[in-house]
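Spelled out from the first residue to the last, the chains are:
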Amino acid sequence: MPETTSVGDGTSLNGAADSLLHASGTSTNGSITATHEDEHERDTEDASEDGEGGVEGCTIGSTGSGLVKGTDGEDEDDGDGEDDEEEDEEDEDEEDEEPTLKYERMTGPINDLLKKDSISAISVSNKLVAVGTHGGIVHVLDMTGKRIKSYKPHQASISDMEMDNTADFVATASIDGQVVIQSLSTQESYMFDMKRPIRTVALDPNFAKKGTRPFICGGLAGTLVLREKGWLGHKESVLHSGEGPIWNVRWRSHLIAWANDLGVKIYDTQSQTRITYIDRAPDSPRADLFKCTLHWQDDSTLLIAWADHIKVARVRARPRTANTSASSNLPPLLVEVTAALQLDCMISSILPHPMSHSAPTKENGSVASRTTLTSFLVLAYEPPDDFGDEMTDDPARQARKTAERPELRIISRTGEEFSADALNVTGYQSWGCNDYLLAEVDSGGNETNQCYIVASPKDIVFVRPRDRKDHIAWLVEHQRYEEALDETEKLGEDEQSSDSGGYKIDVVSIGERYLRYLVGEGDFVKAARLCPKVCGQDAKRWEDWIFVFAQNRNLQQAVIPFIPTEAPQLSHLVYEMILGYFINHDKEALLKTIREWPKSIYDMPSVIVAIQSELERIPMSSSLKPSSPDAVWLMECLADLYTANRQPGKALQYFLRLRRPNVFDLIREHNLFTDVKDQVLLLVEFDQELNGKREEEGIDTTQTRSEAISMLVDHTHSIPVDRVVQQLRARPFYLFLYLDDLFKKDQNLASDFADVQVKLFAEYATSRLIEYLRASSYYNLEAAYNICRGRDLVPEMVFLLGRMGNNKQALTLIIERIGDVQQAIEFAKEQNDDDLWEDLLKYSETRPTFIRGLLENVGAEIDPIRLIRRIKNGLEIPGLKEALIKILHDFQLQISLLEGCQRILNGDCSDLARVRQKGQNGGFFLSEKAVCPLCTDPLRRSPQDLLLLFLCRHIVHASCINGIDNLPRYIDAGLDVSLRVSPAHDLSAKMAFASVVRAKIIHGCPVCRRQGEGHVC
């Protein structure tokens, strides 16, 4: 088997990123993570070429503040201090960068166990943690820190340990030269004395399933030994020797990788050949000072970290070639070094770390979807600046220097540093690079459950990727509350209920912190918009924050629009406080709020009293109309509140003063007529204003009845007439309208105010005065006459004089003032006084016009002969001939009408007489079932009663008629065959008997009489 094999072509690395972030983390779980105390300047090394590996390396230079320094250790530019400003800006940027990982120290028994001992090795499998100490003790713990088992397999420090996949077997190697394999569930145990200190041990991946129990170990003896259990005991196979101590060995699938002083080698157990050799960098420090870390990322990828170098080796099948003879002696597998990096620190351990990575922006501006790439999780150690001075003669320089905190860094395969957190482990000042350990907890393939363990001699720290809750907590700590709230809303209810950083990760907790921040900054508007989201359905929280806004005098501008009125409903004191604020500062907003808020959430009487007090302080220019906008708002509020409080009567005065169009409907709906009796003038004024507006709009209101007046007139039982008149006296026109409608409804109701009404008619409706004077009889005639005389109303004066009995003076006024013959004649007709007619004729003797008028209007009252005889000879009367002809024509016409009427009367009488005779002479059919209309008994019965037949054709029993009891007995000769009388004698007997009966029946047919009185026959 050849000593070494060639390494496949490596991948060339062009260089590290120009600027690498190296952020000091901020502690979120205890005191695990701390910031750098001091900033150190480090030189940036030039890229060097790894000749043996064929891989071009790169140097990553960074400082605690993330600045790249010059190679001579000095600032590149000392000119004008611009670099200092840039450093400050970069420091601020890095402080605002969110950490990638979170840390939690293991608590429980481990702290007591490590008080007198320290950790030297660690292994994790199947959620169990096995810890080896320098005292040779093994402690098996679960992930919560609970101790499962402890035992002491060694007398010296445990240098390495490993658990199998089932977490049942624990293999430990110690510098006491022994290798111990212990079962945790059974008594099975193996101990091997290798005679020399053992540095590393590795179990077969399927150790528990194989009966041979294979494992491999190596140490200072320089021999890599594979031990397997056989029939005759354990057999030992040496896989490698002669190249110095074996520092580390790891077994995955069929591949075994180990490290010695020269480099790293890989052995294939299937082909039983060593397939590669990867040498150390030529300038590497001593192998024992900075341990080598080997970790199989998968079955074909090996991570190698040694000192300050990282290499990634990829194992793959060797491709077939045409020359089979040349490749027949080569191993079936070959290895490629796919990445090689050099860091600015020493590496205590390395693990793969999957990270979400955003693809670069495409040409069209869109961003590709996020993908998961594997980066490196590096436990970095920075040696003191004077490292390597052990050979100096200066005792001060030979003294051990204080170490820096270890750092946990995430580095990409291209060398870009994503994050760097300094770990504040216990006693870090005394620990070296080999004292720190890093292990991975199996996550079952779920990246969200990724967990790592960092171990120092006195601490065990759990490292987990920060989840959404951690991200939210970081946003809160950096006062980025809006982003924190957005992220919190995306969490499920179970996630929100957990605590983080001493407070709950939920909308309420974070929102309250944000509210306190906004209030402290004075941004009350933004804080108010946040209240619904934060307070939600919690009434107590709403009230607390509302009082905070009130104390800062920012109610209206901020929180009032967001205050809930239901779900939840707050205390009535809160709502009353807000309304009180509006009363003093914003009346318009007060009205809007009262109309929008439910009336049940506050005490309406208290609010009404407060508004009334404020209204009384406002000066009013008129008792009827509000004089200022504030008064209008307050009256609107009172009107709405009284209505909502079921006190429409108290709201009425404000509706009237505010000129609400629905005031009449309100009065009718709530029967407020009693309340109107003291608001009559306001009501009528408002109604007249409405009519005025309608007239301006072109609507004819002359034919419509005043709604207010109609209401007052129709409800005099609730609104007394006296009280209405008293209130309307100041406005005579309104009083006229009221009394006029009242008189039309019932004259008696307005009788007490007849004299007032005469005066009002004379002033506002002169044309209708005469109508009123004729219709009413309650006014004082003298007073009315004086009013008419004062206004020279002649027709009215004539009427009143006539009523007072002064007909002659009235006639004189008609003749002298009016000169109307027709009116004089009508007046004379009305009075029906012969003396008045004589006066009229006498007055007309010398006035041809009156004579002609009388001639044209002669009738029953004036005898034409009497008038014509009064005409003096020689008096010229215009139109006399026509007047006389008209008189004669009228008489002739009257005679013709009388004769015509007489002829018609005679003809009608003759026709009616014939009809009557025909009806009386006609026969009458009497059925057997006919009944008497008076007694309802059958007319035909035995013995047969006397039946009387009236001309109206009603047949009754003679006995049913009152007053005809003593009638003589009548025998019909036509019905009795035994009687032999002449027809003439029989007719005479019938007529005589009928005369006797007719004399007895005074009122005629009793049936017709009863029907006339309303009785039913």
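As a reminder, the structure under discussion sits directly above these lines.
None of these values were measured; they are calculated from a predicted model. (Residues numbered from 1 in each chain as written. Predicted model: local features only at pLDDT ≥ 70, side-chain atom pairs only at ≥ 80, totals over all residues. Heavy atoms only, no water.)

A. Representation of the overall build of the protein within the structure. Looking only at helices and strands, one finds 34 helices and 35 strands in the protein. Counting only residues that meet the buried cut, the protein has 45% of its 1017 residues in that class. Taking as baseline every contact in the protein between residues at least 6 positions apart, the subset at least 24 positions apart corresponds to 55%. Carbon together with sulfur atoms contributes 48% to the accessible area of the protein, which is approximately 52900 Å² in total. (Helix = DSSP H or I, 4+ residues; strand = E, 2+ residues; numbered from the N terminus. Buried < 20%, exposed > 50% of the residue type's maximum accessible area, 1.4 Å probe, protein only. Contact = heavy atoms within 4.5 Å. Areas by Shrake-Rupley, 256 points an atom, 1.4 Å probe, with all protein chains shown as cover.)

B. Local environment of helix α16 (residues 648-657). Of all ten residues in α16, seven are buried; the element is thus mostly enclosed. The set of residues buried in α16 consists of Pro648, Ala651, Leu652, Tyr654, Phe655, Leu656 and Arg657. Tucked inside the fold, the buried residues of α16 contact α14 (604-616), α15 (629-644), α17 (663-670), α18 (673-676) and α19 (680-696). Looking at the residues trailing α16, positive phi occurs at arginine 659, about 60°.

C. Representation of the packing of aromatic side chains. In this structure the tally under the stated criterion is 17 aromatic pairs. Consider the rings of phenylalanine 733 and phenylalanine 736, whose centres lie 6.4 Å apart with planes at 35°: the pair is tilted. With phenylalanine 733 and phenylalanine 736 both in helix α22 (residues 732-745) and three residues apart, this pair spans about one turn of that helix. Residue phenylalanine 733 is classed as partly exposed on the basis of its relative accessible area of 36%. Using a relative accessible area of 4% as the deciding quantity, one classes phenylalanine 736 as buried. Counting every residue linked through ring pairs, the aromatic cluster contains Phe733, Tyr734, Phe736, Phe743, Phe761, Tyr764, Tyr772 and Tyr779. Taking NZ or CZ as reference, arginine 213 lies 5.6 Å from the ring centre of phenylalanine 207, over its face. Over the ring of tryptophan 306 we find arginine 280; its NZ or CZ atom is 4.5 Å from the centre of that ring. (Phe/Tyr/Trp six-rings, centres within 6.5 Å; stacked < 30°, edge-to-face > 60°. Lys NZ or Arg CZ within 6 Å of the ring centre and 35° of its normal.)

D. Expanded view of the sheet that holds strand β29 (residues 437-441). Here four strands make up an open sheet; going across it, the order is β4-β31-β30-β29 and the pairing antiparallel. The sheet is open, and its two borders are formed by β4 (101-105) and β29, each paired with just one other strand. Neighbour-to-neighbour, the strand axes of the sheet open up by a mean angle of 25°, direction not taken into account. (Pairing = 2+ DSSP bridges. Axes fitted to C-alpha atoms, helices over the stretch in contact; angles between N-to-C directions.)

E. Local environment of the environment of lysine 152. Note that lysine 152 resides in the loop between β8 (147-151) and β9 (158-163). For lysine 152 and histidine 139, which are 13 residues apart along the polypeptide, the C-alpha to C-alpha distance reads 8.7 Å. The residues touching lysine 152, leaving out its near neighbours within four places in the chain, are Gly135, Gly136 and Ile137.

F. A look at the environment of threonine 100. Inspection of the secondary structure puts threonine 100 in the loop between α1 (82-95) and β4. Residue threonine 100 is classed as partly exposed on the basis of its relative accessible area, which comes to 22%. Put simply, threonine 100 and alanine 420 are 320 residues apart on the chain and 8.7 Å apart in space, counted from C-alpha to C-alpha. Apart from residues no more than four positions distant in its own chain, threonine 100 is found in contact with Met355, Ile410, Ser419, Pro465 and Arg466.

G. Looking closely at unusual backbone geometry. Between alanine 567 and the following residue, proline 568, the backbone shows a cis peptide bond with an omega angle of 5°. Position of proline 568 relative to the elements: it lies in the loop between α11 (555-559) and α12 (572-585). Residues other than glycine seldom take positive phi values, yet lysine 195 does so here, at roughly 70°. The phi torsion at glutamine 479 lies on the positive side, around 60°, for a residue other than glycine. Relative to the elements of secondary structure, glutamine 479 occurs in the loop between α5 (468-477) and α6 (481-489).

H. Focus on the nonpolar core. Tyr602, Ile611 and Tyr738 are the most contacted members of the largest nonpolar core, which totals 133 residues. Tallying contributions element by element places α15 first for this core, with eight residues. Once residues within four sequence positions are removed from consideration, tyrosine 738 is found in contact with Ile709, Leu712, Val713, Thr716, Val721, Val724, Val725 and Leu728. Phe290, Met346, Ala403 and Leu408 belong to the second largest nonpolar core, which has 24 residues in total. (Core = buried A, V, L, I, M, F, W, Y, C linked by side-chain atoms within 4.5 Å.)

I. Quick peek at the pairing of strand β28 (residues 417-423). With respect to burial, β28 is a largely interior element, six of its seven residues being buried. Looking at chain direction, strand β27 (residues 407-411) and β28 are connected through five bridges and run antiparallel. Bridge pairing in β28 links leucine 408 to aspartate 421. A loop of five residues connects β27 with β28, the two strands running antiparallel in sequence, and glycine 415 in this loop sits at a positive phi of about 95°.

J. Here's a closer look at the sheet that holds β8. If you trace the four strands from one edge of the open sheet to the other, you get β5-β6-β7-β8, paired in antiparallel fashion. The open sheet terminates on both sides in strands that have one partner only, identified here as β5 (119-125) and β8. Across the sheet, the axes of successive neighbouring strands diverge by a mean angle of 15°, strand direction being ignored. Examined bridge by bridge, β5 and strand β6 (residues 128-133) share six bridges and lie antiparallel to one another. When the sheet's bridge partners are listed, serine 125 is paired in β6 with leucine 128.

K. Expanded view of the side chain of serine 456. Within the element layout of this structure, serine 456 appears in strand β30 (residues 451-456). Residues contacting serine 456, with those up to four places away along its chain left out, are Ile119, Val425, Asp435 and Tyr436.

L. Inspection of the pairing of β30 at higher detail. Burial of β30 is extensive: six of the six residues sit out of reach of the surface. Side chains of β30 alternate between two faces, with Cys451, Ile453 and Ala455 and Tyr452, Val454 and Ser456 buried alike. As defined by bridge partners, β29 adjoins β30 across five bridges and the pair is classed as antiparallel. Residue pairing across strands places alanine 439 opposite isoleucine 453, the latter belonging to β30. Bridge count between β30 and strand β31 (residues 459-465): five bridges; the pairing is antiparallel. Across the sheet, residue serine 456 finds its bridge partner in β31, namely aspartate 459. Once β30 ends, the chain turns through two residues before running back antiparallel as β31.

M. Layout of the pattern of salt bridges. One pass over the structure, following the stated rule, counts 38 salt bridges. When the shortest N-O distance is used, the salt bridge between lysine 115 and aspartate 112 registers 3.3 Å. The same class applies to lysine 115 as to aspartate 112, namely exposed. Taking the shortest distance from any N to any O, the salt bridge between arginine 768 and aspartate 740 comes out at 2.8 Å. Of this pair, arginine 768 sits in the loop between α23 (754-764) and α24 (769-775) while aspartate 740 sits in helix α22, and the two are 28 residues apart along the sequence. Relative accessible area serves as the criterion here: at 25%, arginine 768 is assigned to the partly exposed category. Each of Asp344, Glu382, Glu407, Arg409 and Glu417 takes part in a single network of salt bridges with overlapping partners. (Salt bridge = Lys/Arg side-chain N within 4 Å of Asp/Glu carboxyl O.)

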